Amino acid sequence: MGASAFRNLLLYSWETTDRIRLVVFLYFIGGALAFPVGLTLARLVSRGRHWQTALAAAFVCLLAITLAFTGGLFALQYRSYYAEWHAPAFTLTWAFELVFTALTALYQFVVLGVRLYFPLGFLALAVASIWFARQRR
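Everything in this summary refers to the structure shown in the same document.

### What about the overall build of the protein?
- Regarding its fold elements, the protein presents five helices and zero strands.
- Traced from its N-terminal end to its C-terminal end, the protein shows the element sequence α-α-α-α-α.
- On the principal axes, the C-alpha backbone points of the protein span a range of 55 × 40 × 20 Å.
- Within the protein, the fraction of its 137 residues that count as buried is 32%.
- Across the protein, every contact between residues at least 6 apart in sequence was considered, and the portion connecting residues at least 24 apart equals 74%.
- Of the roughly 8,600 Å² that the protein leaves accessible, carbon and sulfur atoms contribute 70%.
- The centroid of the 11 positive side-chain charges in the protein is displaced by 28 Å from the centroid of its 4 negative side-chain charges.

Here you go:
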């Protein structure tokens, strides 16, 4: 996932090298954390079923968990950037700011960040899903 983000950011001549490193790092860590969780979830869903079900389960589980983990990391980074301007911790205002900052980050990730998975990320997802289905036979 990090390689897919890196390729796309270089292709779009995006920002500075420090920003590219941060985004690639978020996508790499998100994919690395999501892979074992997604495979475990796919094993649970496809237990005792045909290889077609295992393929679909791996594809959906890996996709959903990767998006969730990477989006969550993106939201944490977004929150840490805006924390300077937020109210003191554990107040009602802070709670609202935390929730709406996270929701805004997730929205921006869905709108702007998912495209960084095309085409290499989805190719890797397809290869991992096929590998998982073949391993289950």
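From this point, things continue past the structure.
### Details of a nonpolar patch on the surface
- Residues L92, F96, V99, F100, L103 and L106 make up a contiguous nonpolar surface patch of about 610 Å² in total accessible area.
- Among the secondary structure elements, L106 is positioned in helix α4 (residues 92-113).

### Looking at the environment of W94
- Topologically, W94 is positioned in helix α4.
- The class of W94 is buried, set by a relative accessible area of 16%.
- In this structure W94 touches R79, A87, P88 and A89, once residues within four positions along its chain are discounted.

### Points about the packing of aromatic side chains
- Using the criterion set out here, one finds 11 aromatic pairs in the structure.
- Between the aromatic rings of F74 and Y78, the centroid separation amounts to 6.2 Å while the plane-to-plane angle is 35°, which identifies the pairing as tilted. Separated by four residues within a single helix, F74 and Y78 lie in helix α3 (residues 51-82), roughly one turn from each other.
- We classify F74 as partly exposed; its relative accessible area is 21%.
- Taken together, a centroid distance of 4.6 Å and an interplanar angle of 25° make the contact between F118 and F122 stacked.
- Taking the relative accessible area as the measure of exposure, F118 reaches 45% and is therefore partly exposed.
- A connected cluster of aromatic rings, assembled from ring pairs, spans Y27, F74, Y78, Y81, Y82, W85, F109 and Y117.

### Focus: the layout of surface pockets
- In this structure, the largest pocket encloses a volume near 540 Å³.
- Along the wall of the largest pocket there are 19 residues; nearest its centre are W14, V23, F74, Q77 and Q108.
- Contributions of two or more residues to the lining of the largest pocket are made by α2 (17-46), α3 and α4.
- Looking at the lining of the largest pocket residue by residue, the class counts come to 13 nonpolar, three polar and three charged.
- Roughly 250 Å³ of volume is contained in the second largest pocket.
- M1, G31, T66, G121 and L125 are the residues nearest the centre of the second largest pocket, which is lined by 18 residues in total.
- Ranked by residues supplied to the lining of the second largest pocket, first place goes to α2 with six residues.

So, how was this worked out
Residues numbered from 1 in each chain as written. Predicted model: local features only at pLDDT ≥ 70, side-chain atom pairs only at ≥ 80, totals over all residues. Heavy atoms only, no water. Helix = DSSP H or I, 4+ residues; strand = E, 2+ residues; numbered from the N terminus. Buried < 20%, exposed > 50% of the residue type's maximum accessible area, 1.4 Å probe, protein only. Contact = heavy atoms within 4.5 Å. Areas by Shrake-Rupley, 256 points an atom, 1.4 Å probe, with all protein chains shown as cover. Lys, Arg positive; Asp, Glu negative; His and termini not counted. Charge placed at Lys NZ, Arg CZ, Asp CG, Glu CD. Patch = residues over 30% accessible without salt bridge, like charges linked within 9 Å, V, L, I, M, F, W, Y side chains within 5 Å. Salt bridge = Lys/Arg side-chain N within 4 Å of Asp/Glu carboxyl O. Phe/Tyr/Trp six-rings, centres within 6.5 Å; stacked < 30°, edge-to-face > 60°. 1 Å grid on protein atoms, 1.4 Å probe; cavity = no way out; pocket = protein on both sides within 12 Å on 5 of 7 lines; lining within 4 Å. Points joined across faces, edges and corners; volume = space filled by probe spheres on them. Nonpolar A, V, L, I, M, F, W, Y, C, P; charged D, E, K, R; others polar.

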